[in-house]
Structure formats: structure tokens, C-alpha cells
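Descriptive analysis of the structure
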Amino acid sequence: MGWDLITKTPAQRAAANLSDYPRMRETFDWAQARTRLSGVPGGGLNIAYEAVDRHATGPRGDATALRCLSATGTTDVTYQDLLRLTSRFASLLDTLGVRPGERVFSLLGRGVELYVTALGTLRHGSVYSPLFAAFGPDPVRERIARGDGAVLVTTPELYERKVAPVREQLPGMRHVLVLGDPPPGTVSLADELARCPDRFDVAPTRARDMALLHFTSGTTGAPKGAVHVHEAVVAHHVTAAWALDLRPDDVFWCTADPGWVTGTSYGIIAPLTHGATVVVDAAEFDAKRWYANLADQHVSVWYTAPTALRMLMRHGADLADQYDLSALRHIASVGEPLNPEAVVWGAQALGHPIHDNWWQTETGAIMISNFPAVDIRPGAMGLPMPGVDVAVLRRGDDGRARVEGGEVTVAAADEVGELAVRRGWPSMFRGYLHDDERYARCFAGAWYLTGDLARSDRDGYYWFVGRADDVIKSAGHLIGPFEVESALMAHPAVAEVGVIGKPDPVAGELVKAFVTLKPGHEASDELRLDLLAFGRRNLGGVAPKEISFDQHLPHTRSGKVMRRLLRARELGLDEGDTSTLEAPV
Ligand code: ATP
Ligand code: MG
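As the structure is a computational prediction, the values presented were derived from the model and not from experiment.

**Structural notes on the packing of aromatic side chains**
According to the stated counting rule, one finds 22 aromatic pairs in the structure shown. Ring geometry for Tyr266 and Tyr303: centres 5.6 Å apart, planes at 90°, overall edge-to-face. One end of the pair, Tyr266, is in helix 11 (residues 261–273); the other, Tyr303, is in strand 12 (residues 301–304), and 37 residues separate them in sequence. The same class applies to Tyr266 as to Tyr303, namely buried. Following the ring pairs from residue to residue traces out a cluster consisting of Trp425, Phe429, Tyr432, Tyr439, Phe443 and Tyr448. In this structure, Arg423 is placed above the aromatic ring of Phe443, and the distance from its NZ or CZ to the ring centre is 4.2 Å.

Printed below as a string of C-alpha cells:
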């Protein structure tokens, strides 16, 4: 099915931060980018300094850094406030004897304290690692243990439910600081902070010092702990300027949970390095509330995810029409394939097409993007960031990039291969904690192999095909689940789809689709036949042969369809690591 190009007007192009993509692609290098940041006076590079101090002491000092929405009202935190709050937290870590490089974990909902913990930790020179507040005791224990967590900041309720049952198994965790009355074994964060000065010289960390530990989403297996360094801030800052079009006077809302890499790279660090105002909403997804946030907070740049967009689409454009979204200037999405319908729906219902972005926990920042000044091909992930060398590598029999004598071959235009990024961008992960061997396996010569399959078209746009682990081999074809899912999404009854390969004696594997229906549609044999025929018409030989209706597709907590779980359930296999599985609703 063809989708029309969404073209940008000359005025739109001229207005974008990155107005001349082709020129920047030619001329940009990361050394230039470094000069956009200030560095710690006297030497060093520190994420917190770039996010907080630089603005607190400048013209944006009394501008709102965080606008936190909660059931009890709205709290505004200025850059100067944030400087004091994070300095006090850094002093506290110092008082507690926490050493630079030690790990500080947060298990918190979205609120001021989470930001203070993250930025205070970085200011102190220790390493920040976020946990998703909805994790159960086992995932919490496993990550703190693997990350050698020395400090945890959480709430009394979360502590009692998720940490107390496993505390004995975490002997290295010396301090638990809680927001409220401390249960046994913990201390009150507020009481401790009250004893500490609100001045703390930012740690003169080096660019290569460890700053962040991020666990991956666990979509394809057990989550891995990706190590990031302070230098990553260079990429956070520049990608936010170019891919998200961020400016100091923007009101920015990133809906990703801060427990994941997006919620930290773009929910905390990147917008603050621009001196923007960040909207923080404690509440979970609710279509009306989200529209109201966009309207009432005058959000100008919105960074969200395909699952959220699909949920809004289920409510129809009528709901969007009831809100004044005129402040919006740019909408971007990340985390999963963004179906072309959603891109186009954005233009119709929200006044702006959705700009897809591709990156991973390991890449630390946006690598491929639909830039504001560049025409959109709905369904494509976009073009590489200036300064980032991306390629599709030719595959071997196992479906991964073929490596011979450390060498790889770049695939031809339109040929499906493994997506790879050439080493040397600032936010590249520097290891999987305690797993050097796995880290080494991610590289072939100069290339980092992403585990995703893609193709690039003749104009250099990149198209997502699937995870190397999810690809279906049927009757000699290699089929990317995303292509099949997208085609079925175009059917008016379909809200969401997960596609897997199921062993088949003749074809090797056959394509099976699990379909969630939109409200107002009932599962029936007739609809199943209609969908099968619809698939055949649009996909030909790669169309699904089997369709099941499933109103509760398994998702990771970061919103991705967990195809490996659909497959394991279908085949009666062990479900593997399900620590990041979202509780069924
Ligand atoms: P794990 O590595 O533990 O299996 P994960 O890969 O889902 O989990 P993340 O780092 O959170 O963990 O997600 C990155 C992945 O998400 C990418 O490798 C890709 O598969 C998918 N992804 C991200 N953005 C896009 C996009 N725009 N289009 C398609 N897929 C995307
Ligand atoms: Mg991954």
C-alpha cells in the first residue's frame, strides 16, 4: 500500500533548528558539537552541570525547569531551585560516604524527587540508575544486585511492597532514603537533606566517566545493563535540537516513563540542557487527561510512543477536536515501529504529522529521525543524525550481519540487512555491566550491530523490518513482522497487531497474527475471514495464514508488543524472562 510523501513547506524548513540537513550531514562533527556545551569550569564534563548550572546562573535562572502535575496540584521548579535541590542531594550523598562511580538507584513515580535524585547523583559524580516504579520485588532485586546499588531512593509504600521482601539479598545496598515516614531499615530523605548544605561544587567528572546505568526493555530476552558516560550529554543536546527541534522557550513533554532510557535521556537531560520547561505528569495514560495536558500546558514539543498514539487513535479525531492544541509545533515518537496510519493521523487529528525516531538503550540518543525540515515518508524511521554513520549490513544464514575476518559488507539499496552504527558517537554505551563478552559480541570491526533488521531506500531513508530475533522464515521468504502488522492495521476493525512465526512442516514457518479489535467490533469467524482476505490482497505471499483475536496483547512496561511471549505461549514454550511484562489490564 502506498502512502503519499508528507512534504514540508519552505517556511517550515527555514524555521527548523536544523534547516539544512544535507549540508549538516556533510560538515558536522562531534568536536563542533562539544563547543555548544560549556564543560565544568576548571575542567571536566558533567551532565548535571550542562542541564542545571549553566541555566541557573544565566538568563533562564528563574525560568521554570519542571512543571510537575499531580493529584494535589501543580508544582513549578525553576532552574535556580533545581540547582539548590540537586546540590543538597549531592551533599547528602557525600555525607553518606558514597564514592564517585557508585550506583544510586531510584524507584519513584514521576515527580520532583525523581529529577533531584537523577541530577543530584550526576552532580555528585556517582552513577544514576532508574527503576520502573511498577516493577515487582524480583526485577527490583535483580537490577540492584547486578548494578551493585549502594543507595536507593524510593517511597515508603514502594519500599514495603517491593524492596523489603528482598532487602536481605542486597547486602551492598547501604542506604535507603524514603519520601515520607521511614519504615525500619530506611531513613527519611527530607530529614537527611535538612542537615545538608544546598551548595555542592559539581564533580569535575571526565567525559569518559560512567554516569548512567540503563537496563534495556527486555523485549527479546533478559534485560541488559547498558553503561553510559558523561560525554553522552553532547548527543542528548544536539539530537534534541535537531530531531526534536527543542529551544529554550519550549514547553516540552516526554511521555516515556523515567524508568526507561527515553525518560532519562529526553525526559530529564536533553530538554534541560536547552533551558526548556519540562512537563512532568504523575498520572498514567488517559486520553482526555493527555489532551488536556497538551492544551492546558501549551506543550510545544511532544515526544511520545506508538502505543500511546494508537490508544489516542482508538478514541478518534473527535476527541482531539475538543482541545486547543495550537501551541504544538512538533510531535515525535520512538520505541516501536510507527505505523504509517499513525503518522498521517497525527497530521489530520493533531495538526502535525508524527515524526518517527529510532534509537536504543545502547545508542543512548536518537540515531535516525524524521527531521522537522525533511519530507516524511510515512512508515520510514527517517534519515541518520548528522555525525552518525548508519548502515544496513548484508546478512548471513543466521539472519544477523555476516562477519568474515572482522569485515562486514554493506547491503545494496532496498536489501534487508542488520542495522549497524559506526563506533564513535558520544552516547554510545561503553559496556553491558558485568558482561564484557556480550558487549564484545555487539561489535564487528568498526560497527556496532543493533540486532534490528532494516533496509535503506535509494534516497537514504531507513525502514524498520523487525528484530533479528523476530524475523519469520516462511517458504523461502524472510518476513518482517512489522510489515504484516502495518498492513493489517489499515483494516478499520483493527486497533493493534502482534505477528509471529509458527513452525510449519511445509513452509518452515507460517505467519500468525494476534489482533486487538477497536471498540464496536466483535470477534467472529466472518471478521477473521475478512481479515485473512484483506491480508492476502495487500501482502500477497507474506500474508498471515492464521489469525487469533486477543484484546490483551502482552506489552513490555515500555509499551512494546512482546512477540517472543506470544510465540512462547502459542508453542507452549517456557516464557523466559517476563520481569518487564506489563500487568494485563
Ligand atoms: P531488549 O534489548 O532487552 O530486548 P529492547 O530492545 O526493546 O529490549 P530498548 O533499548 O528499550 O530495549 O528498545 C530499543 C529497540 O526498540 C530497538 O532496537 C528497536 O527494535 C525498537 N525501536 C525503537 N525505536 C523504533 C522505531 N522508531 N521503529 C521501530 N523500532 C524501534
Ligand atoms: Mg534491544
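Next comes the rest of the account.
**Observations regarding the pattern of salt bridges**
Considering all chains together, one arrives at 42 salt bridges under this definition. Residue Arg329 pairs with Asp250 through a salt bridge whose shortest N-O separation is 2.7 Å. With a gap of 79 residues between them, Arg329 in the loop between helix 14 (317–321) and strand 13 (330–333) and Asp250 in the loop between helix 10 (232–242) and strand 10 (251–254) connect regions that are remote in the sequence. Through salt bridges with shared partners, one network takes in Asp245, Arg247, Asp250 and Arg329.

**Let's talk about unusual backbone geometry**
Even without being glycine, His298 reaches a positive phi, approximately 55°. Here His298 lies in the loop between helix 12 (287–296) and strand 12. By relative accessible area, His298 is classed as exposed at 52%. The phi angle at Asp414 is positive, at roughly 70°, despite the residue not being glycine. Position of Asp414 among the secondary structure elements: in the loop between strand 17 (390–393) and strand 18 (417–422).

**Things to note about the site of ligand 1**
Taken together, 21 residues form the shell around ligand 1, and within it Thr216, Thr219, Thr220, Asn357 and Thr361 come nearest. Here Thr216 contributes a side-chain N or O atom positioned 2.6 Å from an oxygen atom of ligand 1. In this structure, a nitrogen atom belonging to ligand 1 sits 3.2 Å away from a main-chain N or O atom of Gly335. Calculation on ligand 1 without its partners gives an accessible area of 630 Å², and the protein chains cover 95% of this total.

**A look at the packing of helix 6 (residues 112–124) against helix 11**
Where helix 6 contacts helix 11, the axes come no closer than 11 Å and their chain directions differ by 70°. In terms of their interaxial angle, helix 6 and helix 11 are classed as roughly perpendicular. When helix 6 is examined against helix 11, the residues Leu114, Tyr115, Ala118 and Leu119 are found in contact with a partner set consisting of Gly267, Ile268 and Leu272.

**With respect to the domain arrangement of the protein**
Accessible area lost upon the coming together of the parts is a frequently used measure of interface size. Per the domain assignment, the segments of the protein are domain 1 (10–358), domain 2 (392–467) and domain 3 (472–571). Placing the centre of domain 1 and that of domain 3 at their C-alpha centroids yields a distance of 34 Å. Each partner contributes to the interface: domain 1 provides 18 residues, whereas domain 3 provides 17 residues. Buried surface at the junction of domain 1 and domain 3, both sides included, amounts to about 1,600 Å², of which 56% is carbon and sulfur. The tally of links from domain 1 across to domain 3 stands at 1 salt bridge. With its nearest N and O atoms 2.8 Å apart, the salt bridge here joins Glu496 to Arg310. The tally of links from domain 1 across to domain 3 stands at 6 residue pairs in polar contact (both at pLDDT 80 or more).

So, how was this worked out
Position numbers for residues start from 1 in each chain and track the written sequence from start to end. Just so you know, chain letters begin at A and ligand numbers begin at 1, following the order they were written in. Residue-level local features of this predicted model are given only where pLDDT is at least 70; pairs of side-chain atoms are given and counted only at 80 or more, and the full residue set underlies all totals for whole chains, interfaces and linings. Calculation of side-chain values draws on the structure's entire complement of heavy atoms; hydrogens and water are dropped beforehand. Working definition: rings of Phe, Tyr and Trp (its six-membered ring) pair if their centres are within 6.5 Å, and the pair is stacked with planes under 30 degrees apart, edge-to-face with planes over 60 apart, and tilted otherwise. Each helix is a run of H or I in the DSSP string that is no shorter than four residues. Each strand is a run of E no shorter than two, and both are numbered from the N terminus. Relative accessibility decides the category of a residue: with a 1.4 Å probe and only protein chains considered, values under 20% of the type maximum give buried, values over 50% give exposed, and everything between is partly exposed. Either the NZ atom of lysine or the CZ atom of arginine qualifies as a charge over a ring when it sits within 6 Å of the ring centre and within 35 degrees of the ring normal. Here a salt bridge means any side-chain nitrogen of Lys or Arg lying within 4 Å of a carboxyl oxygen belonging to Asp or Glu. When we say a residue is near a molecule or strand, we mean one of its heavy atoms is within 4 Å of it. Distance and chemistry together define a polar contact, namely a pair of N or O atoms within 3.5 Å, with one atom able to donate a hydrogen and the other to accept it when in protein, and with adjacent residues in sequence counting only for side-chain atoms on both sides. All accessibility values rest on the Shrake-Rupley procedure with a 1.4 Å probe; residue burial counts only the protein chains present in the view. Note on geometry: axes are lines fitted to C-alpha atoms, helical ones only across the stretch in contact, with angles between N-to-C directions running from 0 to 180 degrees. Angular relationships are summarised with four words: roughly parallel below 35 degrees, roughly antiparallel beyond 145, roughly perpendicular across 65 to 115, and oblique for the angles in between. By definition in these notes, contact holds between two residues if any of their heavy atoms fall within 4.5 Å. Throughout the structure description, domain borders are defined by an automatic or database domain assignment. Put simply, buried area is how much 1.4 Å-probe accessible surface two parts lose in total, over both of them, once they are put together.

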